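Summary of the model geometry
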Amino acid sequence: MSAKKRARDTTFESEEGYVRMYLRGRPINFYAPTETVSSYDIKADASPPEQKLNLEWVYGYRGRDCRSNLYLLPTGEMVYFVAAVAVLYNVEEQLQRHYLGHTDDIKCLAIHPEKILIATGQTAGHDKKAGKPHIRIWNSVSLQTLHVLGIGDFERSVCCIGFSKADGGNLLCAVDDANEHNLSVWDWQKGEKGKKIVETKSSTEPVLAAEFHPKDENVLVSCGKSSIMFWTLDGGTLGKKLGIFEKYEKPKYVLCLTFAPNGDVLTGDSNGNIFVWARGSNKISQAIQGAHEGGIFSLCFLNDGCLVSGGGKDRRIVEWDSSYQRTGNSAEIPEGLGAVRTLNQGKGKMVLVGTTRNSILQGTYDLKFTPIVQGHTDELWGLTVHPNQNQFLTAGYDKQVFLWDTLTHSIIWSKDLNDSAHCACIHPDGTMVAVGTQSGRWLVLDMSTRDIISSHTDGNEQIECIEFSPDGNNIAVGSRDNFIYIYSITDEGKKYNKVGKCSGHTSFITHLDWSADNQVLRSNSGDYEILYWKASNCKQVTDTSSLRDTEWATQYCTLAFESLGIWPEGADGTDVNSCCRSNNKQLIASADDFGKVNLYSSPCIQPRATSHKYGGHSSHVTGVRFLYNDSRLVSVGGMDTAVLQWQLQ
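**Re the overall build of the protein chain**
- When helices and strands are counted, the protein chain shows two helices and 55 strands.
- In terms of overall size, the protein chain behaves like a compact globule, its C-alpha atoms giving a radius of gyration of 27 Å where 649 residues would be expected to give roughly 26 Å.
- With respect to the three principal axes, the spread of C-alpha positions in the protein chain is 85 × 55 × 40 Å.
- By sequence separation, contacts in the protein chain at least 24 residues apart represent 47% of the contacts at least 6 residues apart.
- For the protein chain, the accessible surface area stands at approximately 25,300 Å², while carbon and sulfur atoms represent 44% of it.
- Side-chain charges in the protein chain split into 64 positive and 75 negative, and the spacing between the mean points of these groups amounts to 4 Å.

**Some details on the sheet that holds strand 55 (residues 643-648)**
- Taken together, four strands build an open sheet; the order of strands is 4-55-54-53 and the sheet is antiparallel. The sheet is open, and its two edges are formed by strand 4 (53-59) and strand 53 (621-626), each paired on a single side. If you compare each strand with its neighbour and ignore which way they point, the axes differ by 25 degrees on average.

**Notes on the pairing of strand 49 (residues 576-581)**
- Extensive coverage of strand 49 is indicated by the burial of six of its six residues.
- Strand direction decides the pairing type here: strand 49 and strand 50 (residues 587-592), joined by five bridges, are antiparallel. Note on strand 50: the bridge partner recorded for C579 is S590.
- In this antiparallel pair of consecutive strands, strand 49 and strand 50, the connection spans five residues, and K585 shows a positive phi of 65 degrees.

**Considering the sheet that holds strand 52 (residues 612-614)**
- Pairing is antiparallel in the open sheet, where four strands are placed in the order 49-50-51-52. Edge positions in the sheet fall to strand 49 and strand 52, since each has one partner strand and no second. The average angle at which neighbouring strand axes cross in this sheet is 20 degrees, direction not considered.

**Concerning the pairing of strand 29 (residues 340-345)**
- Most of strand 29 sits inside the fold, with six of its six residues counted as buried.
- The turn joining strand 29 and strand 30 (residues 351-355), which pair antiparallel and follow one another in sequence, is formed by five residues; a positive phi near 60 degrees is taken by G348.

**Here's the deal with the side chain of N69**
- Along the chain, the position of N69 falls in the loop between strand 4 and strand 5 (71-72).
- Owing to a relative accessible area of 0%, N69 belongs among the buried residues under this scheme.
- A polar contact is formed between the side chain of N69 and the backbone oxygen of R62, at a distance of 2.7 Å.
- For N69, the contacting residues outside a window of four places in its chain are Y61, R62, V79, Y80, F81 and T342.

What counts as what
Residues numbered from 1 in each chain as written. Predicted model: local features only at pLDDT ≥ 70, side-chain atom pairs only at ≥ 80, totals over all residues. Heavy atoms only, no water. Helix = DSSP H or I, 4+ residues; strand = E, 2+ residues; numbered from the N terminus. Rg over C-alpha atoms; globule rule 2.2 N^0.38 Å. Contact = heavy atoms within 4.5 Å. Areas by Shrake-Rupley, 256 points an atom, 1.4 Å probe, with all protein chains shown as cover. Lys, Arg positive; Asp, Glu negative; His and termini not counted. Charge placed at Lys NZ, Arg CZ, Asp CG, Glu CD. Pairing = 2+ DSSP bridges. Axes fitted to C-alpha atoms, helices over the stretch in contact; angles between N-to-C directions. Buried < 20%, exposed > 50% of the residue type's maximum accessible area, 1.4 Å probe, protein only. Polar contact = N/O pair within 3.5 Å; in protein donor to acceptor, adjacent residues only side chain to side chain.

Here's what the structure looks like:
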């Protein structure tokens, strides 16, 4: 159905007092409260709220599938990325700044030799125009965008970038993550869009790194599947020489490269070997075989001249002297934090470590390595807030549950589950949390001990949503099997007795709200229905107009009279994943499929209401929740695994 038709079709039936809206051709009736019916004007403008959001903190880091994306800046800040945000984080001062110029996933990052300018490359996004893959060059002090390169030049995603070094940083190289993995070189300072000097096919196989030589002008080195390539830029052409492994076993992947102080190239590979390629040569001059058990994901020369290598399978960080002998210094990253993804020089003698489980650690061999950034490592939907503390809880497909503190920006505790988690709800008294999983199992954890108090299975499909009643005496469990299961809670939350199941939806349950008096439930489903239920006996209330004046404890149902304005023009019913009303009932936030968090005035009862829109997430935004005191909003992004904390202003 066209947007025009949909706009024409949203009508108000004044006699019955309901708004009829269409999603995918399906009519949905929303009954207006009695006091609203006489004054309701469907054509009235709904202005956005006076309050706005400001991105305060970003939880998470993308180490799972990105490399060379963690650096220390002269400002004392670390720079890295997650989702569509480049984060500048000063650990000592506990301050973050954020570069928000990108419209979708950032995939790579490079620092100019003068260490002020930063280049970041992104993948193809939702928006056909603004979402094209491109490179942004920006100032790390002012956070201003200076140049935007390659809109229309990259096909899939910019996967590697690097500034030239020997000439002071006049050029930038980039690799497109498309079938031919084209390598291009740019005069990035030519105007706002820069100028592409040359582009050539590099390999049909993945390219994992591409960098300019620090001492030899116009020389680049790239590596990837089974190969290392030495490139020479001559005028407008790029000449290529393949590295020759001769007597050494050719690795499946050359995983990383770095440059020694004397100009030699060093590579780490999937066989656990470090090879030295003499400056100006495409042959191996020295081999350190068996440096690690399994792949070597990162090599880095530190300020003291030592080399450090980071292992994938063995999770070890090993130090080597200038003649590539072990110094005896080494460390092992705890298994729960993942393998070493990238290594870099930290403050003083410290080393920065990014891991494959989206954590950042810092430390030394003597002081050990401690995590300073942690996050989820798989798709994230579960989000709930504490009823009386500045805390929120997330639960992900990585089987991890985290309780976060919004003031210290830290994890209070974490819990490993046996199943992937999809939803969660903290009890009104704050003593326990219910978590719904993908297997149909849901469990209740003690918030202080993290012990499992109770465990139940309803159906064998994903638990989509789970909500305690406002008085805490009941819990409603919405499943992908089209049913809502209601339990009564006794014995201080230890005993759960099934009241029954609500049967009537013809598609999976998506959202649930309890009435403020604990008597009634309303629910949305995957086929855009809104149904009502009597909690005491699970019977459907078919006379929906009789509930038009019901006061609802929450506003999680995206399909309801109070939230009908959050649906954009031409929406297909799956575009809005989540919504939440502020506790003072002045605001509604929504999470959409276009990577945006939206802020509306509440109630949001005018079709296609105007909102403030906020980027930062790259994938579908899957959940939004206001803190108990409305000081902040928290949002989670599905595949981007990021958690964003917004301050209300």
